[in-house]
Amino acid sequence: MNQSVLIDIDQLRVGMFIQLDLGWMNHPFPMSSFRVSSQEQIHTLRELGLKQVRYVPAKSQPVPEVPARSGLQRDGAETAVPDPAGAFGTQEQSLDTSAPFSGTRAWREQSESLQRCGQRYREATDTYVMVSTQVLVSPLDARRQVDALVGSCVAELLDAEHCAIRLLAEVPSERPALHAVNVMVLALLLGRALGLQSRELHHVGVAALLHDLGKIMLPPHVGEPGASLTPADLSRYEGHVGHSVELGQRMELASDVLIAIAQHHEMADGSGFPLRLMADDLGRGGQIVALANRYDRLCNPLHGAQALTPHEALSQIFAQQKMCFDATVLGAFIRMMGVYPPGSLVQLTDGRFALVVSVDALHPLRPCVLPFDAKVPRSQAVAMDLAAYPDEGIRRSLKPEQLPREALDYLSPQQRICYFFERAVDARRCEDGA
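Values in this document were obtained by computation on a predicted structure and should not be read as measured data. (Residues numbered from 1 in each chain as written. Predicted model: local features only at pLDDT ≥ 70, side-chain atom pairs only at ≥ 80, totals over all residues. Heavy atoms only, no water.)

### Quick notes on the packing of aromatic side chains
- Evaluation of the coordinates by the stated rule reveals 5 aromatic pairs.
- Aromatic side chains Tyr121 and Phe420 sit 6.4 Å apart centroid to centroid with 75° between the ring planes, which places their arrangement in the edge-to-face category. Placement of the pair is Tyr121 in helix 2 (residues 105-134) and Phe420 in strand 13 (residues 418-423), with a sequence separation of 299 residues. Phe420 shares its class with Tyr121; the two are buried.
- For the pair Tyr295 and Phe333, a centre-to-centre distance of 5.4 Å together with 70° between the ring planes defines the contact as edge-to-face. Of the two residues, Tyr295 sits in helix 10 (residues 284-299) while Phe333 sits in helix 12 (residues 327-337), which places them 38 residues apart along the sequence.
- In textbook terms, an aromatic cluster arises when at least three aromatic residues are bridged by ring pairs, as seen for Tyr121, Phe420 and Phe421. (Phe/Tyr/Trp six-rings, centres within 6.5 Å; stacked < 30°, edge-to-face > 60°. Helix = DSSP H or I, 4+ residues; strand = E, 2+ residues; numbered from the N terminus. Buried < 20%, exposed > 50% of the residue type's maximum accessible area, 1.4 Å probe, protein only.)

This is the structure in structure tokens:
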């Protein structure tokens, strides 16, 4: 059994095989488990603020003796430093110090960007949880928190000339908060793509964040069902729209926000609820929130339904539900998300499997991907922006079960799809490994 031990970051040496207790989207390395191949990687790990790392002696290469500054910890107990000639000496694979290194300036910039995105996402989910517990007793205070969050997101969006949508590691939070923030992020990006100005974007963002707030008035099994509902409970579930509007009124939200909340389940073909409105009756805010809501529910479903991959979700909306949405809004959404949205598993034209990690609307067919190649060690894999490789592209989208086990473990797609936005990176940066 390959046991791991905790060591201080100052004890880390080239040749050690380490396991980071971080999601792979929260650090600049392609994988969370890898063999350290250079001093620059150690420098990058220090820059992440790590005080300790977990390393696996049985998988490590021979390294210089580690000074026993504070000892090693194995399952919480202090032990002696292992003998480098012992556990390390059984490894046959030689260390390739000339291999691509992820600690370049581009990788550090990517790491910082991912950390910012993750932190902003966590702040947003925390805000939603606070609002959902505060709205009944102090609705105006709850509104101030929402306005502050959405206002900062709108300012960040409008400050960037181009934005990309970024896949995040699954963020630990309550399911309603994750859904609310996903819909807010998608709605803000879509509103920006449609040319909405600051005030309109703010209204759309608030409506998107609060569209399901009324579910706090329902029993958990009705508001967030894990199985199909009875007809009576389904009627109660549909009543969450009215509850959300009522809470919005207590918060004294603008009429445009209340209308968008009221219409977040209405469809352009009249198949939605609660009023079965048609296209001419729907406002632009409601259309945006309804589409973002439908997409996220296909990727992160209720009722115990099978989750679709992001590519499948977008394809289903376009092929089977096109009449449910305004053509202009749907067209902008597809251009924004790309044919292969972040989180999609794909096969490249050279046969490699890859995970789409971000999409820039300027290059919707050529996203940034993390490729799998059995000939390349995990620690040396390089994320690549397909816009920088004219001879490379995507052959097809795949379901997880279509990947070999080794490739699936390597790419480790998330169970829940979580998105945030970031400034679009240029092709040169991704070519360097961003």
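### Notes on the nonpolar core
- If you look at the biggest cluster of nonpolar residues, it comprises 98 residues, and the most contacted ones within it are Met184, Leu209, Leu210, Tyr295, Met337, Leu411 and Tyr419.
- It is helix 4 (residues 175-193) that contributes the most residues to this core, 12 residues altogether.
- Counting 16 residues, the second-largest nonpolar core is a separate cluster that includes Val5, Ile7, Met16 and Val36. (Core = buried A, V, L, I, M, F, W, Y, C linked by side-chain atoms within 4.5 Å.)

### Some words on a nonpolar patch on the surface
- The grouping of Leu136, Val137, Ile216 and Met217 at the surface amounts to a nonpolar patch, some 350 Å² of accessible area in total.
- The exposure class assigned to Val137 is exposed, which follows from its relative accessible area of 70%. (Patch = residues over 30% accessible without salt bridge, like charges linked within 9 Å, V, L, I, M, F, W, Y side chains within 5 Å. Areas by Shrake-Rupley, 256 points an atom, 1.4 Å probe, with all protein chains shown as cover. Salt bridge = Lys/Arg side-chain N within 4 Å of Asp/Glu carboxyl O.)

### Brief notes about the side chain of Ser132
- Within the secondary structure, Ser132 is located in helix 2.
- Accessibility expressed as a relative area gives 16% for Ser132, which makes it buried.
- When residues no more than four places from it in sequence are discounted, the contact partners of Ser132 are Leu213 and Ile216. (Contact = heavy atoms within 4.5 Å.)

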